[in-house]
Amino acid sequence: MTEFVKKIDFTNIQNTLDENIKKKNLSISGLCPERHELYKDCFDEIILKLTNVDPEKGVILSRIRDELNMTSESYKKLYESSVSFGLDKAISARQQNEKLHARIDEVIREKLILVRENEYLKRKLKAIEDGEETKREEEICRYKSELRKLKNRNELMKRGLENVLLNSSEQVSNILLDSQ
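Focus: the environment of threonine 134
For step 1, the next point in the chain: Of note, threonine 134 is situated in helix α4 (residues 55-179).
For step 2, the next point in the chain: Residue classification places threonine 134 among the partly exposed residues on the basis of a relative accessible area of 41%.
For step 3, the next point in the chain: The spacing of threonine 134 and threonine 51 is 83 residues in sequence and 113 Å in space, taken between C-alpha atoms.

Right, dumping it as C-alpha cells:
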C-alpha cells in the first residue's frame with residue numbers, strides 16, 4: 001500500500017485544488033456548483049492516476065464516484081423539490097394572508113357601519129324615551145287634575161247629600177213631632 005501512495009502524488013493534487021479554490025474565491029461550506037466541479041475534477045484525476053497504477057482499485061473508486069454522483073443528484077432533486085414545495089407553500093400562505101387581510105378590512109367596515117347604526121338607534125331610543133317620559137308626565141298631570149276635579153265634585157256631592165240627609169232627617173223629625 002505504501003508503494004501505491006508513493007506512486008501517486010497526492011500533495012500536488014491537493015495544492016492544485018487549494019489554488020483553484022483561492023483563485024476563484026470560493027467558499028468552503030454551503031452549496032457551490034463551481035466548488036463541486038473542482039472536487040469532481042480532482043476526484044476524476046485521482047481515479048485516473050489510481051487506475052494507471054492499480055486497475056482494480058481504479059474500477060472500485062469509479063463505482064464509488066458514480067454512486068456518490070447518483071446520491072448527489074438525488075439530494076439535488078430533493079433540494080429542488082423542497083424549494084419548489086416551500087415556494088408553493090409561501091405563495092399559498094401569502095394568498096391566504098391577503099384573503100385574511102381583505103376579510104379583516106371587510107369586518108372592520110361592517111363594524112363601523114354597525115357602530116354608526118348602534119349610535120343612531122341609541123339616539124332614536126333616547127328621543128323616544130324622552131318623548132314617552134314627557135307624555136307620561138302630561139298624562140300624570142292630566143290624571144291628577146281630573147282626580148282633583150273628581151274629588152271636588154265628590155266632596156260637593158257629599159256635602160249636598162249631607163245637606164239633603166240633614167234636611168230629610170229634620171223633616172222626618174218635624175213630621176214625627178207633628179204627628180205626636
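Remarks on the state of the cysteines
For step 1, the next point in the chain: In total, this model carries 0 disulfides according to the counting rule given.
For step 2, the next point in the chain: Summary of cysteine pairing: cysteine 42 is not part of a disulfide, and the nearest cysteine sulfur, belonging to cysteine 32, is at 15 Å.

Let's talk about the confidence of the model for the chain
For step 1, the next point in the chain: Within the chain, residue pLDDT values average 88, and 91% of them lie at 70 or more.
For step 2, the next point in the chain: Taking the mean pLDDT of every element in the chain, the minimum, 52, falls on helix α1 (residues 2-7) and the maximum, 91, on α4.

A look at a nonpolar patch on the surface
For step 1, the next point in the chain: A cluster of nonpolar side chains, contributed by Leu31, Tyr79, Val83, Leu87 and Ile91, occupies part of the molecular surface with about 530 Å² of accessible area.
For step 2, the next point in the chain: Residue isoleucine 91 is classed as partly exposed on the basis of its relative accessible area, which comes to 48%.

Structural notes on the side chain of arginine 35
For step 1, the next point in the chain: Looking at the element boundaries, arginine 35 is found in helix α3 (residues 33-53).
For step 2, the next point in the chain: Of the side chains with opposite charge, glutamate 34 comes closest to the buried, unpaired arginine 35, at an N-O distance of 9.8 Å.
For step 3, the next point in the chain: Those residues in contact with arginine 35 that sit more than four places away from it in its chain are Leu26, Ser27, Ile28, Ser29 and Gly30.

Rules used throughout
Residues numbered from 1 in each chain as written. Predicted model: local features only at pLDDT ≥ 70, side-chain atom pairs only at ≥ 80, totals over all residues. Heavy atoms only, no water. Helix = DSSP H or I, 4+ residues; strand = E, 2+ residues; numbered from the N terminus. Buried < 20%, exposed > 50% of the residue type's maximum accessible area, 1.4 Å probe, protein only. Disulfide = S-S within 2.5 Å. pLDDT = per-residue confidence, 0-100. Patch = residues over 30% accessible without salt bridge, like charges linked within 9 Å, V, L, I, M, F, W, Y side chains within 5 Å. Areas by Shrake-Rupley, 256 points an atom, 1.4 Å probe, with all protein chains shown as cover. Salt bridge = Lys/Arg side-chain N within 4 Å of Asp/Glu carboxyl O. Lys, Arg positive; Asp, Glu negative; His and termini not counted. Contact = heavy atoms within 4.5 Å.

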